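# Overview (structure and organization)
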Amino acid sequence: MARKMLIDAEVSNSVEEEQYDFDLFVIGAGSGGVRASRTSAALGAKVAICELPFHPISSEVIGGVGGTCVIRGCVPKKILVYGASFAGEFEDARNFGWELNEKIDFNWKKLLHNKEILRLNGIYKRMLSNSGVKMFEGEGKVVGPHEVELTQLDGTKLSFSTKHILIATGSRAQRVPIPGQELAITSDEALSLEELPKRAVVLGGGYIAVEFASIWRGMGATVDLFYRKELPLRGFDDEMRNTVARNLEGRGIKLHPGATLKELIKTDEGIRVITDNGQELMADVVLFATGRAPNTKRVNLQAAGVELDRSGAVKVDEFSQTNIPSIWAVGDVTNRINLTPVALMEGSCFSKTVFGGQPTKPDYRDVPCAVFCIPPLSVVGLSEEQAVEGAKGDIVIFTSTFNPMKNTISGRQEKTMMKLIVDGETDKVLGASMCGPDAAEIMQGIAIAMKCGATKAQFDSTVGIHPSAAEEFVTMRTETRRIAAGSKPKTNL
């Protein structure tokens, strides 16, 4: 803190005689950049922000105010998840008395039209304008510690001086360097395909991979999912990963663990996919969902001496400040926790620190998240593996696997699983996870309790809402297992 205040004072003293065009210039109008610009303007700063225009070309989306989440990420993806979920609902409805005698057709193009991404893009522009933020469309680059160059669509270059620069350029989807890689698409294009594929191959085991596998399968496509590990969703709790894998298979997705793609070949019948174990299959679409990389290549950060890590992410301290005192960074471009709500938090903390006189560190403890496969997975806090690894005492595991009430009538063979990780000495709840319908909606409330330091006894003393799946979190009384410090997790996979 002392170092931080000293740097702020040095910056302030060195520039107090100097006049700048702006107090803050933000490069990148995604979630973090928009939040930081609006909250900074609300604190009295003169703020400008730049972003490439929303520009769909051959199903490829470039730029756009709102960023990845609004235009080519969370929001349109969740709309597609909603659309894909109806297939299962129609199946389940029959045993509830609904006679679905006519063939049900799905209109992909109608759903794409109703996504209304342009409307959301316009809403974000108006939010900036109403906050008093000056919006520029074009590509921004750092020229120096206090200078930004903007290249407009017509090639015109503008130069602005600014007291502070905030980098919020997000991340981009990566491609796998194999022969025929140009035949594949990334999540950017997957959200705006002109035709719904009948045969889809997905490469990757992360959340984007399992989400799109669920979407396309729900819409009627055959889906093959390839990933290197034994289970998808590396980094999540192993027991929950296993539950997700079973559910994906139960919904008709063909899983190929321990496998990857070797080559893609264009044919008259579609894309011939050759795997590393010699298997061949045909696909209409091949999706690379193998991770994202920070967007720093075109920002010219080296001109100001900003340090990057090996992945190309901007290196920042706990206040989101780079090694150059006047340059800051938030969101995916820093590769900390790459979630939209985290970028929003970082943007707000930046504004308080720089313009609010309240040095504020983002709090990364107990950040909840969700994977919107069908059914979804949601978690907060530590996984069993993480808890055991850092434990000084016993770790107590409580689990519940059950058939949701709805499934007892519909006949769907799909279990919901819930899990609590508890410190055996303090009784504090260290982690919670759920795989099943409405998992994200339920986990948001659990996250609040954990943020307040809730104990297992407090969970147990809470009256449940009946009948609901959520009440299971306050009725798990019997230990599933207790793991002594220094032991390995004993997950029953």
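How each quantity is defined
- Residues numbered from 1 in each chain as written.
- Predicted model: local features only at pLDDT ≥ 70, side-chain atom pairs only at ≥ 80, totals over all residues.
- Heavy atoms only, no water.
- UniProt positions renumbered as here; feature names shortened; annotations may be inferred.
- Polar contact = N/O pair within 3.5 Å; in protein donor to acceptor, adjacent residues only side chain to side chain.
- 1 Å grid on protein atoms, 1.4 Å probe; cavity = no way out; pocket = protein on both sides within 12 Å on 5 of 7 lines; lining within 4 Å.
- Points joined across faces, edges and corners; volume = space filled by probe spheres on them.
- Helix = DSSP H or I, 4+ residues; strand = E, 2+ residues; numbered from the N terminus.
- Nonpolar A, V, L, I, M, F, W, Y, C, P; charged D, E, K, R; others polar.
- Pairing = 2+ DSSP bridges.
- Axes fitted to C-alpha atoms, helices over the stretch in contact; angles between N-to-C directions.
- Buried < 20%, exposed > 50% of the residue type's maximum accessible area, 1.4 Å probe, protein only.

### Thoughts on the UniProt feature "active site" (unreviewed entry) in the protein
- Within the UniProt annotation, "active site" (unreviewed entry) is assigned to H466.
- Of note is the side chain of H466, whose polar atom sits 2.7 Å from the side chain of E471.

### Re the layout of surface pockets
- If you add up the space inside the second largest pocket, you get close to 860 Å³.
- Lining the second largest pocket are 35 residues, and of these E89, P376, K406, P437 and D438 lie nearest its centre.
- Among the secondary structure elements, those contributing two or more residues to the lining of the second largest pocket are α4 (74–93), α12 (405–410) and α13 (439–451).
- In terms of residue count, α4 provides more of the lining of the second largest pocket than any other element does, eight residues in total.
- The residue inventory of the lining of the second largest pocket, partitioned by class, reads 17 nonpolar, seven polar and 11 charged.

### A word on the sheet that holds strand β16 (residues 285–288)
- Reading across from one edge, β12-β11-β10-β16 is the order of the four strands in this open sheet, with parallel pairing throughout. Of all strands in the sheet, those with a lone pairing partner are β12 (254–257) and β16, marking the two edges. The mean angle between the axes of side-by-side strands here comes to 15°, regardless of whether they run parallel or antiparallel.
- In this structure, strand β10 (residues 199–203) lies alongside β16, joined through four bridges in parallel fashion. Residue pairing in the sheet places L203 in a bridge with F288 of β16.

### Looking at unusual backbone geometry
- Here the bond from I374 into P375 is cis, since omega is -5°, no more than 30 degrees from zero.
- Structurally, P375 can be placed in the loop between β19 (369–371) and β20 (377–381).
- Each neighbour pair has its own omega, and for H466 with P467 the value is -5°, a cis peptide bond.
- Looking at the secondary structure, you find P467 in the loop between α14 (456–460) and β24 (481–483).
- Positive phi outside glycine occurs at S320, with the angle close to 75°.
- Structurally, the position occupied by S320 is in the loop between β17 (292–294) and β18 (327–329).
- Assessed through its relative accessible area of 1%, S320 is described here as buried.
- The residue D438 is not glycine, and still its phi comes out positive at about 65°.
- For D438, the location among the structural elements is in the loop between β23 (429–435) and α13.

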